[in-house]
Amino acid sequence: MALSLSWERAEPKFTMTPAIELIGIDKRFGAVHANKDVSMTIAQGSIHGIIGENGAGKSTLMSILFGFYAADKGEIKVKGQPAKIKSSFDAINLGIGMVHQHFMLVDPFTVLENVVLGAEGGRLIGPALAKARAELTRLARDYELDVDPDAIVGELPVGLQQRVEILKALFKGAETLILDEPTGVLTPDEADHLFRILGQLRDQGKTVILITHKLREIMAITDHVSVMRRGELVATKQTSQTSVEELAELMVGRRVLLRVEKGKAKPGAVVLEVKNLTWRDSKGTARVDNVSFTVRAGEIVGIAGVSGNGQSELLELISGISKPTSGQIIFEGKDIGILGDPRHVRQEGLAHVPEDRQHRGLISSFDASESGILGWHYDESLGHGFRLDREAVVNRCQSEMREFDVRPGDPLLKSAKFSGGNQQKIILARELKRNPDLLIVGQPTRGVDIGAIEFIHKRLIELRDQGKAVLLVSVELDEIRSLSDRILVMFAGRIMGERDASSDEREIGLLMAGVSKDAA
Amino acid sequence: MDFSLLPEILASTIRLSVPLVLACLAGLWSERSGIVDIGLEGKMLAAAFAAAAAAAHFQSAWIGMVFAILVSLGLALVHGYASINQRGNQVVSGVAINMMAAGLAVVLGNTWFKEGGRTPALPGSARFLPIDLPGSAVLADVPLLGAIATIISGHSIITYVTILLVPLTAWALAKTRFGLRLRAVGENPHAVDTAGISVALLRYKAVIIAGILCGVAGAFLSTSLSASFVRDMTAGRGFMALAALIFAGWRAWPALFACLLFGFLQASGNYLQGVHLGGVEVPVQFINMLPYLLTVILLAGFIGKSIPPKASGIPYTKDR
């Protein structure tokens, strides 16, 4: 039928054809129903946001579109034509490119080598490298995508590595570009630059699909937004006709508090005092560089910064995992830095919720009750001598699960089977068990769904109001701003400055990027 | 010491380096693709046995070579299947191949030839014999040039081909599409997969190249360097090649020089037997120990500075 149409009639139809149509996509991973009958239309030349909590199925859906997984059911159309996408190779040939959350780059390769990988054009790579060099110059001019073609990718900062990923996709002729959580590793300034690039790509007729869980980004840049919840597509809206509140509600399925409600802090005595703390890695680089600050009882001190600027190392030092090269960590009048041993540090009354839940917080193959006593396994109430009282362990976990609303409330389920939010609750329950005076917590809500975020935030405020000291490290600036009473910004291992919670976001952003007015 | 022996020691160095270079290049191809190959020794040993047995049976060095390559390739594919499809532990698979080859060669040799695990001595017609380069005989008495002729002439065809393989490997890795993809898959297979290239296929190609090279190395040992197979005749050369590979930082040219160094120590060991040091005769065993001692020293001293391909030894799965 379509063949009988004349050119004149086919022409306008082409421009109206959506870039991508997903029809009834269904995908299961074992018992997990990751995508339930998802249908979505993405208009050509638009920026289409896909938002949803972690585990809502956004990444799975895009991985199917990019040929990384095969859908169990459903159909994909690219520019109106039914497409069989069995591998990334097919997707690339259909003009689909993807910038993954974890970059797919070969670190020891140059930018050029990374760009031509998979698009060499012939048996020898010489001509492709020359072509890529010319193409990169053109893309740099057109889209502000400057990057040195001969730089070794592993030595570039993350912001530039992301640019290389975008260049890779464009070099392979991507008409539709999928970006999976692209701003997680960027400073606010870098994120703004990325959005400018995406805007230019759209203006030149490219289609952009942006996966994110940040409502602000959706509002700032997209034309349309699709909301996903537990594998289902809940709604697709025009961005100009929706609001942050509506989207948040669609994401969770009920009204959520976006701002954390809290009274004014009543700071008491100094609980933790960090003095001229420095830690050098094996290469002699100061990863924590002469850091000093205090945390008082009854306040939350937030440490903001782009990940990799020394926050992780700072947490490890205070929790006793590593020993300071120089400087002191004084907790309730006692230097705990010299202990260099988490067990003794915890016995002093300091609790630690580690940044990396999967590796440091719990043991995935242990059941919940076993993960729930990690570090307290020698506690007398859990057995005598070398004997562990299984029943006591399980009972303890049961009561903690009830108190912290862990779902499912089964102490014998493997830790790995819980969602991120419930894992975090198990850890938080364990750490608060001994009624610590200071809680240090890293990335409390990374990979945690909105419902659990609300719970965890409330819990942290409650702790503060009970007169405990809380040191919060997070790369989510929104989280830092809504919870903290004072904000310290870290950059390149140093504290760039201190701000209060009401201070301007741009100002904190500048500090995060290492631009400081009060560097003295 | 008698310097008139030097040209002969150097010629011997080249001969003894050949199996090392071949095994080292085999390891290089395999490990640059992310497959750790500790089974170089076993593949070479099995190939040496296959070459000697087939050459003795068919009275042809070339048929021996074909069998050597087939047997080594078979073992390489077993290693590939275990490491690529089954995502097994690559070290365990390699060790299994080494043990299997050492045992099978002796058992089969004994069953077939009844000479205590040896194969029958091969006549010259069933071996790869030295080729005298044209003009080398004329130069023999010229000072310097004669010495050079002694060093570079009079090697078998396998030796000359091996020397050509070094620049070929370096070029293929750096300049070809296959080389680029192979290097990429050894560093970050996820990047290769998302570029729409099959990780498994690339790794199989690398494993196959390693199999062929080990096959040639084995054939060289039993049908060129010697005239029969004897048990354990590889004598740890596969491991020495691995040491050279690490020392060379997984690069072709440095690998050649590392192997030449090992070869030189072996060669001087052969010529220095009965040497006196301060009036005491140095036991042969000490001299023969040198290449192995060097292996230990190099690995202890240099392993920290040499960076292996990042994904080597790690089975590839799609989950991130």
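Predicted, not measured: the structure shown is a model, and the values here were computed from it.

**A word on the sheet that holds strand 15 (residues 334–335) of chain A**
Residue and element names in this part refer to chain A. What the 4 strands build is an open sheet, ordered 12-11-14-15; its pairing is antiparallel. Edge positions in the open sheet fall to strand 12 (286–296) and strand 15, since each of these has one partner strand only. Pairing of strand 11 (residues 270–280) with strand 12 involves 7 bridges; the strand directions are antiparallel. Each bridged residue has a counterpart across the sheet, and for leucine 272 the counterpart in strand 12 is valine 295. Packing against the sheet, helix 10 (residues 311–318) makes contact with strand 11, strand 12 and strand 14 (326–331), and its axis sits at approximately 60° to strand 12.

**Looking at the sheet that holds strand 5 (residues 81–83) of chain A**
Residue and element names in this part refer to chain A. Ordered in space as 2-1-4-5, the 4 strands form an open sheet in which the pairing is antiparallel. The open sheet has two edge strands, strand 2 (32–42) and strand 5, and neither has a second partner. Adjacent strand axes in the sheet meet at a mean angle of 30°, parallel and antiparallel pairs treated alike. Sheet analysis places strand 1 (residues 20–29) next to strand 2, joined by 7 bridges and oriented antiparallel. Bridge pairing links leucine 22 to methionine 40 in strand 2.

**Some points on the packing of aromatic side chains**
Residue and element names in this part refer to chain A. Inspection of every chain in the model, using the stated rule, returns 9 aromatic pairs over all chains. Here phenylalanine 29 and tyrosine 69 contribute two aromatic rings whose centre-to-centre distance is 5.1 Å and whose plane-to-plane angle is 75°, an arrangement assigned as edge-to-face. Residue phenylalanine 29 is located in strand 1, and its partner tyrosine 69 is located in the loop between helix 2 (58–65) and strand 4 (73–78); the two are separated by 40 residues in the primary sequence. Taken together, the ring pairs connect Phe29, Phe68 and Tyr69 into an aromatic cluster. Geometry around tyrosine 378 places arginine 343 over its ring, the cationic atom sitting 3.6 Å from the centre. The cationic tip of lysine 425 hangs over the ring face of phenylalanine 455; the distance from NZ or CZ to the ring centre is 4.8 Å.

**Points about the state of the cysteines**
The bond known as a disulfide is covalent and runs between the sulfur atoms of two cysteines. Counting across every chain of the model gives 0 disulfides over all chains. There is no disulfide at cysteine 214 of chain B, and the cysteine sulfur nearest it, in cysteine 24 of chain B, is 11 Å away.

**Describing the confidence of the model for chain A**
Predicted confidence across chain A gives a mean pLDDT of 87, with 95% of residues reaching 70 or more. Low pLDDT (under 50) marks residues 1–14 of chain A, which in the prediction has 0 contacts with non-local residues, meaning those over four places away or in another chain.

**As for a nonpolar patch on the surface**
All names here are of chain B. Where nonpolar side chains cluster on the molecular surface, the patch consists of Trp62, Ile131, Leu133, Leu139, Val142, Leu144, Leu145, Ile148, Ile152, Ile157 and Val161 and spans about 950 Å² of accessible area. Elements with a contribution of two residues or more to the nonpolar patch: helix 6 (145–152) and helix 7 (157–175). In terms of residue count, helix 6 provides more of the nonpolar patch than any other element does, 3 residues in total. Relative to the elements of secondary structure, tryptophan 62 occurs in helix 3 (residues 61–85).

**Digging into helix 11 (residues 237–247) of chain B**
Residues and elements named next belong to chain B. When you tally the buried positions in helix 11, you get 9 out of 11 residues, the bulk of the element. When we look at burial in helix 11, the residues that qualify are Arg237, Gly238, Met240, Ala241, Leu242, Ala243, Ala244, Leu245 and Ile246. Glycine 249, located one to two residues past helix 11, shows a positive phi value of around 60°.

**Re the nonpolar core**
Core analysis: the largest hydrophobic core is formed by 60 residues, its most contacted members being Leu22, Cys24, Leu25, Ile158, Leu213, Phe229 and Phe262 of chain B. For this core, the leading source of residues is helix 1 (residues 6–32) of chain B, giving 10 residues. Those residues in contact with isoleucine 158 of chain B that sit more than four places away from it in its chain are Val18, Leu22, Met65, Phe128, Val216 and Phe220 of chain B. Judged by nonpolar contacts, the second largest core, of 53 residues, contains Leu112, Ala128, Leu145 and Leu194 of chain A.

**A few points about the confidence of the model for chain B**
With 97% of its residues at a pLDDT of 70 or more, chain B shows a mean pLDDT of 90. In the predicted complex, the global pTM is 0.75; the interface-specific ipTM is 0.86.

**Digging into the domain arrangement of chain A**
Residues and elements named next belong to chain A. Parsing chain A into structural domains produces domain 1 (17–252), domain 2 (258–349 + 436–520) and domain 3 (364–434). One C-alpha centre belongs to domain 1, the other to domain 2, and the line joining them spans 34 Å. Both faces considered, domain 1 and domain 2 share a buried interface measuring about 1,100 Å² in area, 62% of it formed by carbon and sulfur atoms. One can count 1 salt bridge joining domain 1 with domain 2. Measuring nitrogen to oxygen at the nearest pair gives 4.0 Å for the salt bridge that ties arginine 216 to aspartate 478. On inspection of domain 1 and its partner domain 2, the count reaches 0 residue pairs in polar contact (both at pLDDT 80 or more).

**Looking at the interface of chain A and chain B**
Chain A puts 26 residues into the contact, and the matching count from chain B is 23 residues. Both faces considered, chain A and chain B share a buried interface measuring about 2,100 Å² in area, 62% of it formed by carbon and sulfur atoms. Linking chain A with chain B are 3 salt bridges, by the criterion used here. Residue arginine 181 of chain B pairs with glutamate 120 of chain A through a salt bridge whose shortest N-O separation is 2.7 Å. Between chain A and chain B we count 6 residue pairs in polar contact (both at pLDDT 80 or more) in total. Listing elements by their share of the side of chain A that touches chain B, those giving two or more residues are helix 3 (88–93) and helix 4 (111–116) of chain A. Take the side of chain A that touches chain B: its biggest share by element is 3 residues, from helix 3 of chain A. Each residue belonging to the side of chain A that touches chain B can be placed in one class, and the counts come to 15 nonpolar, 6 polar and 5 charged.

Criteria and thresholds
- Residues numbered from 1 in each chain as written.
- Chains lettered and ligands numbered in written order.
- Predicted model: local features only at pLDDT ≥ 70, side-chain atom pairs only at ≥ 80, totals over all residues.
- Heavy atoms only, no water.
- Pairing = 2+ DSSP bridges.
- Helix = DSSP H or I, 4+ residues; strand = E, 2+ residues; numbered from the N terminus.
- Contact = heavy atoms within 4.5 Å.
- Axes fitted to C-alpha atoms, helices over the stretch in contact; angles between N-to-C directions.
- Phe/Tyr/Trp six-rings, centres within 6.5 Å; stacked < 30°, edge-to-face > 60°.
- Lys NZ or Arg CZ within 6 Å of the ring centre and 35° of its normal.
- Disulfide = S-S within 2.5 Å.
- pLDDT = per-residue confidence, 0-100.
- Patch = residues over 30% accessible without salt bridge, like charges linked within 9 Å, V, L, I, M, F, W, Y side chains within 5 Å.
- Areas by Shrake-Rupley, 256 points an atom, 1.4 Å probe, with all protein chains shown as cover.
- Salt bridge = Lys/Arg side-chain N within 4 Å of Asp/Glu carboxyl O.
- Buried < 20%, exposed > 50% of the residue type's maximum accessible area, 1.4 Å probe, protein only.
- Core = buried A, V, L, I, M, F, W, Y, C linked by side-chain atoms within 4.5 Å.
- Domains from an automatic or database assignment.
- Buried area = accessible area lost by both parts, 1.4 Å probe.
- Polar contact = N/O pair within 3.5 Å; in protein donor to acceptor, adjacent residues only side chain to side chain.
- Nonpolar A, V, L, I, M, F, W, Y, C, P; charged D, E, K, R; others polar.

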